[in-house]
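Listed here are the chains, written in short residue letters.
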Amino acid sequence: MPFPISEQETLETLKSWVRSQAQSILITGHKDPDIDAIGSCIAFKKVLDTFAIPNIVWFEDSLETYATHLPSSNQIKKTIPTYPIDTLIILDSPHLGRIRNQAAIESLIQRFKPMVINIDHHPDNTLFGNINIVKPGISSVGELLFHIFSYLNWPISSETASCLYAAISFDTGRFLFSNVTERTFLSASKLLRAGAKAYELSQKMYENKTLQTFDLIQIALSRMVIDNKKRFAYTTLPIDAPEGEMKVIDFIRQLGGIDVFVVFSESKNGEVKLNLRSKGGFNVSKFAAQFGGGGHALAAGITMQGTLEEVTQTIIQQLDQCL
Ligand SMILES: [Mn+2]
């Protein structure tokens, strides 16, 4: 099977920088980090650890419970370092605006002028790095890192393998979404051979939910609105809805006969967060871009200012016109 990255020169640049220049590395990913972002960051950390290159993983967000089961997730730092950083690795983020503390990362770049390494699979990535490896055709950054590490012959320990496997499993909806290719399964297979604890991770990540999560699903279902003609469905979650360990969107998207799904979640500071999913014909990333959001053709997100009712009305009106 051919290696999926044609920019071998870029990979050699990455290799020589990391192996012979980097002495202080900061690794981070997008805000509201998912398992692809977190798993990929920890996996990169593990590889750097084997090279004895000082590095930290930084996420300002508190981790979702399901992410705390990843090996070494307790080593993630919540505050950005103030000492000099010569290398900044940003994973699974199309642009710097997707980092939780954009101002902090921008001032770090200004102060220390690190080599910025951008590794991502979002089609709207702005190639903001000094080294960019952006592959929208690849299921997850987890899979992309697997290909990169394998190509460079960098060591994949069983913990690294677990993190990459979890990342792939998460971003592919447990190998069910349209982003799954033959290569994805091949990567997963090789990660199992490298010692990824697939069953244990699945148990901890997917079959370990609290009753509160079920309450959340119940609320979501009771507030669901379905338009059978235009084939879309949405639900709204008020700010006092319980925290869940499952994305409501992943539950409601299981409904047959519907192509587009939206979940509106009321959040702090007068913000509403939207999750959008499509099963094919409709590009939710393009739709989201009109409102400052983004993502992939079949999975996107938006954050908007306004009340839950206002934002829902605005979006549903627009969606109704587009479908
Ligand atoms: Mn991803």
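Residues numbered from 1 in each chain as written. Predicted model: local features only at pLDDT ≥ 70, side-chain atom pairs only at ≥ 80, totals over all residues.

## Side note on the environment of Ser267
Then step 1. Locating Ser267 in the fold gives a position in the loop between strand E8 (260-266) and strand E9 (271-278).
Then step 2. Leave out the neighbours within four places in its chain, and Ser267 touches Ile239, Val272 and Lys273. (Helix = DSSP H or I, 4+ residues; strand = E, 2+ residues; numbered from the N terminus. Contact = placed C-beta atoms within 7 Å.)

## Considerations on the nonpolar core
Then step 1. The biggest cluster of nonpolar side chains holds 56 residues, and the ones touching the most others in it are Phe44, Leu145, Leu164, Tyr165 and Ala166.
Then step 2. Ranked by residues supplied to this core, first place goes to helix H2 (residues 35-50) with nine residues.
Then step 3. If we skip the residues at most four places from it in the chain, Leu164 touches Gly39, Ala43, Gly142, Leu145, Phe146 and Leu191.
Then step 4. Counting 25 residues, the second largest nonpolar core, distinct from the first, contains Ala220, Phe232, Val260 and Ile315. (Core = buried A, V, L, I, M, F, W, Y, C linked by C-beta atoms within 7 Å. Buried ≥ 20, exposed ≤ 12 C-beta atoms within 10 Å, placed from the backbone.)

## As for the packing of helix H4 (residues 141-151) against helix H5 (residues 158-171)
Then step 1. At a minimum axis separation of 7 Å, H4 and H5 run at an interaxial angle of 140 degrees. Judged by the angle between their axes, H4 and H5 are oblique. Of the residues in H5, those touching H4 at Val141, Gly142, Glu143, Leu145 and Phe146 are Leu164, Ala167, Ile168 and Asp171. (Axes fitted to C-alpha atoms, helices over the stretch in contact; angles between N-to-C directions. Parallel < 35°, antiparallel > 145°, perpendicular 65-115°, else oblique.)

## Some thoughts on the sheet that holds E8
Then step 1. With respect to topology, six strands assemble into an open sheet ordered E6-E7-E8-E9-E11-E10, the strand pairing being mixed. Two strands lie at the open edges of the sheet, namely strand E6 (225-227) and strand E10 (294-295), each paired on one side alone.
Then step 2. Where E10 meets strand E11 (residues 299-305), two bridges bridge the pair, whose relative direction is antiparallel. In the sheet register, Gly294 faces E11, and the bridge partner there is Gly301.
Then step 3. Relative to E8, helix H11 (residues 308-322) is tilted by about 165 degrees, and along the sheet it contacts strand E7 (232-237), E8, E9 and E11. (Pairing = 2+ DSSP bridges.)

## Points about the domain arrangement of the protein chain
Then step 1. Each assigned domain of the protein chain is listed with its residue range as follows: domain 1 (8-206) and domain 2 (211-322).
Then step 2. One C-alpha centre belongs to domain 1, the other to domain 2; they are set 27 Å apart.
Then step 3. Taken together, the contact pairs nine residues of domain 1 with seven residues of domain 2.
Then step 4. Each residue belonging to the side of domain 1 that touches domain 2 can be placed in one class, and the counts come to three nonpolar, four polar and two charged. (Domains from an automatic or database assignment. Nonpolar A, V, L, I, M, F, W, Y, C, P; charged D, E, K, R; others polar.)

## Considerations on the pairing of strand E4 (residues 115-120)
Then step 1. Across five bridges, strand E3 (residues 87-91) lies against E4 in parallel orientation. Looking across to E4, one finds that Leu91 is bridged to Ile119.
Then step 2. Read from E3 through helix H3 (residues 102-112) to E4, the crossover connection turns out right-handed. (Right-handed = clockwise from strand over helix to strand, strands pointing away.)

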